[in-house]
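Structural overview for review
The lines below spell out each chain.
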Amino acid sequence: MALRNMLKGVVPEDLLAAVPSSFDIIGSRQGALAIVELPDELEPYKLEIADAVRRLNKNIKAVLRRRGARSGPYRLYNYEVLIEGPTEVVHREHGYLIKVDPTKVYFSPRDQSDRAELADMAQDGERILYLFAGVGPYAVAIAKRRKVRWIYAVELNPWGFKYMVENVKMNKLTSVVPVKADVADFCSAFAARADRVLMTLPLGAKDYLDLVLRCVEDGGYLHFYYTGPEEDPFGEAEELVRSLCGGCAVVSRKIVRDYAPHVYKIRIDVRVRRT
């Protein structure tokens, strides 16, 4: 509501309801950027809205407008620059730091509570495989809370890999092993098995599910992310797992957050048993 109040008299009254009530901030007190989503009817007022966003938080140095869905080989959003400034920032959450440029590699601050929950689920001594890792935020969250044996964090995007390596060093982690590789290639050659596997990519990860299940230790856990409609958020994800692993059991389910109108990003936690 604060943003809408600032824009009274700037944006016509009949369009104020279209002004977003919230927006993403990535960064910290040392510097941050804001990411907004604006419908087409607000196009004539986008620069005024961006200026109001910046005035709401003195740490914001750049404002980007997200356009469309994630696309391309690295599944990135397209952005329009509304206020030019640095897009590489250091984001702080739950006592650790994440260096990232969201124009080069996907990252969402909205997933921080989910990261904390996964870190609480992990146990000391576990072997963890983290696929589609981006800049490695889940690996950092887990390794800061748990004394795991290892976390192999696999990412193909060279920018994601670069930032992941920096994040491991910046947070002084010894158990995280960044791997620059295609998930299919890595899992095909993976000789060990993991006690816990994270597939945090909600779109596209299903194509690797059969291969990834082979990397999970019998009795281990798979955290599978997907999207589902509000009338049945988990049904399709659970059916995908059951079709490939008859002995697997879904032990918990979570709506992570909104993904699109009437569509949720969800997570199912699966205990892997081989029949």
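Residues numbered from 1 in each chain as written. Predicted model: local features only at pLDDT ≥ 70, side-chain atom pairs only at ≥ 80, totals over all residues. Heavy atoms only, no water.

Position of leucine 198 among the secondary structure elements: in strand 10 (residues 194-199). Of the residues examined, leucine 198 reaches a relative accessible area of 0% and is grouped as buried. Taking the C-alpha atoms as reference points, leucine 198 and phenylalanine 132, separated by 66 residues in sequence, lie 8.6 Å from one another. Those residues in contact with leucine 198 that lie beyond four places of it in its chain are Leu118, Ile128, Leu129, Tyr130, Leu131, Tyr138, Ile142 and His223. (Helix = DSSP H or I, 4+ residues; strand = E, 2+ residues; numbered from the N terminus. Buried < 20%, exposed > 50% of the residue type's maximum accessible area, 1.4 Å probe, protein only. Contact = heavy atoms within 4.5 Å.)

Glancing now at the packing of aromatic side chains. For any two aromatic rings, the description comes down to two numbers: the centre-to-centre distance and the angle of the planes. Applying the stated criterion to the full structure yields 12 aromatic pairs. With a centroid separation of 6.3 Å and an interplanar angle of 70 degrees, the aromatic rings of tyrosine 138 and tyrosine 225 are classed as edge-to-face. In this pair, tyrosine 138 is assigned in helix 4 (residues 137-145) and tyrosine 225 in strand 11 (residues 216-229), connecting sequence segments 87 residues apart. On the basis of relative accessibility, which here comes to 3%, the residue tyrosine 138 falls in the buried class. Between the aromatic rings of phenylalanine 224 and tyrosine 226, the centroid separation amounts to 5.7 Å while the plane-to-plane angle is 25 degrees, which identifies the pairing as stacked. Both residues of the pair, phenylalanine 224 and tyrosine 226, belong to the buried class. Ring pairing ties together the aromatic residues Trp150, Tyr152, Phe186 and Phe190, which thus form one cluster. (Phe/Tyr/Trp six-rings, centres within 6.5 Å; stacked < 30°, edge-to-face > 60°.)

Looking now at the sheet that holds strand 3 (residues 60-71). Spatially, 1-2-3-4 is the arrangement adopted by the 4 strands of the open sheet, whose pairing is mixed. Of all strands in the sheet, those with a lone pairing partner are strand 1 (24-28) and strand 4 (76-83), marking the two edges. With strand direction ignored, the average angle separating the axes of adjacent strands in the sheet is 30 degrees. Where helix 2 (residues 46-56) meets the sheet, it contacts strand 2 (31-36), strand 3 and strand 4, and its direction lies at approximately 85 degrees from that of strand 4. (Pairing = 2+ DSSP bridges. Axes fitted to C-alpha atoms, helices over the stretch in contact; angles between N-to-C directions.)

That's the geometry; what it means functionally is another story.
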